[in-house]
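# Observations on the model geometry
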Amino acid sequence: MNVDQNASLLLVAVAIQIVAAYFSFAIFRFNRISTNWLALTWGIMSIALGTIITVLAEYETVPGYTKELLFTGQIVLPILASLLMAFGLWGMKKNFEYFEVVEKEATTKIRTLEIMVNSKDKKRKK
Amino acid sequence: MGITIYAVNSSSYFKRVIEIFKHESIGTVPIYITLNKPHTEIEKVLREHGFHPERVFFIDCISKHVIGHNIVAPANCMYVDGPSSITAIGIAATQAAKAVNGKKLIFIDSISTMLMYNDSAVVGSFCNFLLARLRAMGVDAVVLVLESDLQKDVVKRIESLADEVKK
């Protein structure tokens, strides 16, 4: 594959990444469970930005800065994206763990309360 | 009874809420979701009105938010992080309703407070989901809203889900 074909494919990847970031933001807007989730959206956007910068570097659009651009696009932004995505997913994991705690607590407590109320009623009747 | 929405005037709000609660909870296991006042305050007023609050299960969505995470819930109460933890409120309400036997009532106090902490679209979808779920489970529900909020689009949509709107 020549450089033009590579660039075209990378731009397709950028388009898909932007759509993915939009879906991630739409999920946040739909339930607003956790603002941590937004880190995932920013993570995907960072990947897209990294890809764009890499394409620009390969075309030597900023002469004299090609190495720096490649370093940013291929190293810095992917690391940042990984951190953001890990943070966003960790936040969601914490939320789901909390939901499980709430579910168990609600069930246990109301059953206990029901038993207590019933035994009090029985005592009163006696 | 099904799902009833009560539009309450803000000037005598709490007094009216207690009246509605006492009237609607007769013969049921009431589950009181409070977003306005800590459960201790509601228990105190219920006791003053000759009601046994220890028979009521409270889902308190405000105490933890105002006091902090270090409070311990009594046997008839559970704390949710805050009024914006809408998913947790929904889970707690449906689980509590599912776990209890006999006739039960979910008492939501109130949609107006929920709207102060959450986006109206989120409150709309939450109510749609919760009320449909409760209806499917055969659970009665009372939803409170301030009279002044009746003109809001989201409240009109919630009204359409109810069997009755009372003032």
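Provided above is the structure to which this section pertains.
First, a word on scope: everything that follows refers to the structure included in this document. Remember, it's a predicted structure, so these values are computed and weren't measured experimentally.

## Description of the overall build of chain A
Counting secondary structure elements, chain A contains three helices and zero strands. The order of α-helices and β-strands along chain A, N terminus first, is α-α-α. By the compact-globule yardstick of 14 Å for 126 residues, chain A is too spread out, its C-alpha radius of gyration being 26 Å. Once the C-alpha set of chain A is aligned to its principal axes, its extents read approximately 95 × 20 × 20 Å. Of all intrachain contacts in chain A linking residues separated by at least 6 positions in sequence, the fraction that spans at least 24 positions is 68%.

## Concerning the overall build of chain B
Assigned secondary structure in chain B consists of seven helices and seven strands. Reading chain B from its N end, one meets helices and strands in the order β-α-β-α-β-α-β-α-β-α-α-β-α-β. Compactness check: chain B gives a C-alpha radius of gyration of 15 Å against a globular reference of 15 Å for 167 residues, within 12% of the reference. Overall size of chain B, expressed as C-alpha extent along the three principal axes, is 35 × 35 × 35 Å. Put simply, chain B has 167 residues, and 45% of those count as buried. Taking the contacts inside chain B whose residues are at least 6 apart along the sequence as the reference set, 74% of them involve residues at least 24 apart.

## Re the pairing of strand 6 (residues 140-146) of chain B
All names here are of chain B. Most of strand 6 sits out of view: six of its seven residues are buried. Two strands pair when backbone bridges link them, and strand 1 (residues 3-8) and strand 6 are joined in this way by six bridges, in the parallel orientation. Residue I3 lies in a different strand from strand 6, and its bridge partner there is A141. By the bridge criterion, four bridges tie strand 5 (residues 104-109) to strand 6 in an arrangement that is parallel. Across the sheet, I106 pairs through a bridge with A141, a residue of strand 6.

## Some details on the interface of chain B and chain A
At the junction of the two partners, chain B supplies 18 residues and chain A supplies 18 residues. No other element matches the seven residues that helix 4 (residues 86-99) of chain B contributes to the side of chain B that touches chain A. Broken down by class, the residue content of the side of chain B that touches chain A amounts to 12 nonpolar, four polar and two charged.

## A look at the environment of A26 of chain A
Mapped onto the elements, A26 of chain A comes out in helix 1 (residues 3-31). Note on A26 of chain A: 10 C-beta atoms within 10 Å, which makes it exposed.

About the thresholds
Residues numbered from 1 in each chain as written. Chains lettered and ligands numbered in written order. Predicted model: local features only at pLDDT ≥ 70, side-chain atom pairs only at ≥ 80, totals over all residues. Helix = DSSP H or I, 4+ residues; strand = E, 2+ residues; numbered from the N terminus. Rg over C-alpha atoms; globule rule 2.2 N^0.38 Å. Contact = placed C-beta atoms within 7 Å. Buried ≥ 20, exposed ≤ 12 C-beta atoms within 10 Å, placed from the backbone. Pairing = 2+ DSSP bridges. Nonpolar A, V, L, I, M, F, W, Y, C, P; charged D, E, K, R; others polar.

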